[in-house]
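# Coordinate analysis (summary)
Listed here are the chains, written in short residue letters.
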Amino acid sequence: MLPPECSHSIRLGNLCVNCGKEVPNTELYSTLYTNSFLKATKKGIKKITEKHTTEMLKSKKLALVIDIDQTILHACPGHVMFGSILPEIHHIFVNSSPITIKLRPNLDLFLSSLSKIYILHIYTLGTREYANKILELIDPSSFLFSNRVMTRSESYSTYKDIQKIFTSNKLHTVIIDDRADVWNYCNNLFLIRPYKYFEYGDINEPISVSTIPDTSVESNTEINLSTNKI
């Protein structure tokens, strides 16, 4: 006699987290953004998102999903050096690769204001390692985004799908992104102008670090590398 099929909804890899049975691969969804292995069936994720939606409505807030690159910042491969300290410029390493970050002006005020009326989420086609480094810059206390972050490491896709985090009640979700194509031009999207600060290089179109001009100087002269004079 065959053992009864597993009816539980949460999976860790190919194993049920409730009964420990190995189950075949089915259509699964991320349940915790910080764990790419913990998944739920469509029925299970629907219950989870319905619960989140109820809590969201009780708080009288909607969900706001925010992109990273060229939406809230501009990232350039390599460490760009300036003659003087410029505001909102940061140097980070992701998997030993140097990256220079320029935050969009007034980003802190923008996010803190939106957090009063929205529950903030991050959805990026970058990796989990990259997203974590950015969160250390924009939300070091995890007050704004908590663990509500979806990356390519969890979605396994070069496109974004709102159903990966909200399978129901998508009308309660607003998206801010500089690209419509990655969202398949969905109606929830509020398209904004891409933010580009550096005249050369972009993290989404990597160039060899050796081709980046040496902008380091010993004087206090500010070197203008921006296309947006902000």
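Calculation rules
- Residues numbered from 1 in each chain as written.
- Predicted model: local features only at pLDDT ≥ 70, side-chain atom pairs only at ≥ 80, totals over all residues.
- Heavy atoms only, no water.
- UniProt positions renumbered as here; feature names shortened; annotations may be inferred.
- Helix = DSSP H or I, 4+ residues; strand = E, 2+ residues; numbered from the N terminus.
- Buried < 20%, exposed > 50% of the residue type's maximum accessible area, 1.4 Å probe, protein only.
- Contact = heavy atoms within 4.5 Å.
- Areas by Shrake-Rupley, 256 points an atom, 1.4 Å probe, with all protein chains shown as cover.
- Lys, Arg positive; Asp, Glu negative; His and termini not counted.
- Salt bridge = Lys/Arg side-chain N within 4 Å of Asp/Glu carboxyl O.
- Polar contact = N/O pair within 3.5 Å; in protein donor to acceptor, adjacent residues only side chain to side chain.
- Core = buried A, V, L, I, M, F, W, Y, C linked by side-chain atoms within 4.5 Å.

Going by the annotation in an unreviewed UniProt entry, the name recorded for the protein is protein-serine/threonine phosphatase, with Hamiltosporidium tvaerminnensis given as the source organism. In its Subcellular location (unreviewed entry) section, the UniProt record describing the protein reads: "Nucleus".

So, on to the overall build of the protein. Regarding its fold elements, the protein presents four helices and 12 strands. Here the protein, with 230 residues, has 43% of them falling under the buried criterion. Taking the contacts inside the protein whose residues are at least 6 apart along the sequence as the reference set, 65% of them involve residues at least 24 apart. Total accessible area computed for the protein in this model is approximately 13,300 Å², and 54% of it derives from carbon and sulfur atoms.

Along the chain, the position of Asp69 falls in the loop between strand 5 (62-66) and strand 6 (73-77). No salt bridge forms around the buried Asp69; measuring N to O, its nearest opposite-charge neighbour Lys160 is 8.0 Å away. Within the structure, Asp69 has its side chain in polar contact with the side chain of Tyr130 (distance 2.5 Å).

Here we come to the nonpolar core. With 27 residues, the main nonpolar core has Leu73, Ile101, Leu120, Tyr130, Ile138 and Phe145 as its most contacted residues. Those elements that provide at least two residues to this core are strand 5, strand 6, strand 7 (89-94), strand 8 (97-103), helix 2 (107-114), strand 9 (118-123) and helix 3 (128-138). Counting residues per element, this core draws most heavily on helix 3, which supplies five residues. Dropping the residues within four chain positions of it, Ile138 is found in contact with Ile72, Leu103, Leu107, Leu111, Leu144 and Phe145. The next biggest cluster of nonpolar side chains, apart from the first, holds 10 residues, and it includes Val65, Tyr123, Ile175 and Ala180.

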